[in-house]
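Results of the structural survey
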Amino acid sequence: MDPDQLSRAFVEHYYSAFDANRAGLGILYQDESMLTFEGQKIQGSQNIVAKLTSLPFQQCQHSITTVDCQPSGPAGGMLVFVSGNLQLAGEQHALKFSQMFHLMPTPQGSFYVLNDIFRLNYA
């Protein structure tokens, strides 16, 4: 699978899981993984899932506008940059967001999220 296809498949899987069952995202992170969410740094799979499941909304829908990717380093990693809209249940206007993932390969042939940076884009 080429990097563009891989990054799009990851993005589709990630946001589908986020919108349906945030607790299920834990398998995509490991103990050394780090999430920076609106400037707050959180490390480790359990802590990241705790943060994502404690967000002040239960239902949301991501709509992806762009996905860009680049290979990253000799270990076979990949940088994935996403922009899009986040529609919260009961809100009239969607929020614009950007998110960057640094994916690293696992020995089993899949990928995990080493780094994840999320920002809302305020106009």
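A brief report on the enclosed structure follows.

The rules behind each value
- Residues numbered from 1 in each chain as written.
- Predicted model: local features only at pLDDT ≥ 70, side-chain atom pairs only at ≥ 80, totals over all residues.
- Heavy atoms only, no water.
- Pairing = 2+ DSSP bridges.
- Helix = DSSP H or I, 4+ residues; strand = E, 2+ residues; numbered from the N terminus.
- Salt bridge = Lys/Arg side-chain N within 4 Å of Asp/Glu carboxyl O.
- Buried < 20%, exposed > 50% of the residue type's maximum accessible area, 1.4 Å probe, protein only.
- Arc of directions from axis to C-beta.
- Contact = heavy atoms within 4.5 Å.
- 1 Å grid on protein atoms, 1.4 Å probe; cavity = no way out; pocket = protein on both sides within 12 Å on 5 of 7 lines; lining within 4 Å.
- Points joined across faces, edges and corners; volume = space filled by probe spheres on them.
- Nonpolar A, V, L, I, M, F, W, Y, C, P; charged D, E, K, R; others polar.

As a further point, take the pairing of strand β3 (residues 60–72). Judged from the 12 bridges that link them, β3 and strand β4 (residues 77–88) form a sheet pairing that is antiparallel. Within β4, the position partnered with I64 by the bridge is G84. The loop that links β3 with its antiparallel partner β4 comprises four residues; one of these, G73, has a positive phi angle of about 75°.

Moving on, we get to the pattern of salt bridges. Using the criterion set out here, one finds one salt bridge in the structure. For the salt bridge of E38 with R119, the shortest nitrogen-to-oxygen distance reads 4.0 Å. Placement of the pair is E38 in the loop between β1 (29–37) and β2 (40–43) and R119 in strand β6 (residues 111–121), with a sequence separation of 81 residues. Note on E38: relative accessible area 27%, which makes it partly exposed.

For an α-helix, the turn length of 3.6 residues means that residues three or four places apart are oriented alike. Every buried residue belonging to helix α2 (residues 45–53) is among S45, I48, V49 and L52, and all of these are buried. Down the axis of α2, the sector holding all buried residues measures 95°, keeping them to one side. Among the structural elements, α1 (3–20), β1 and β2 are those in contact with the buried residues of α2.

Next up on the list: the layout of surface pockets. Space inside the largest pocket adds up to approximately 170 Å³. Along the wall of the largest pocket there are 17 residues; nearest its centre are F37, L55, F57, L86 and F118. Of all the secondary-structure elements, those providing two or more residues to the lining of the largest pocket are α1, β1, β4, β5 (95–105) and β6. The element best represented in the lining of the largest pocket is α1, accounting for three residues. Its residues assigned to classes, the lining of the largest pocket shows 14 nonpolar, two polar and one charged.

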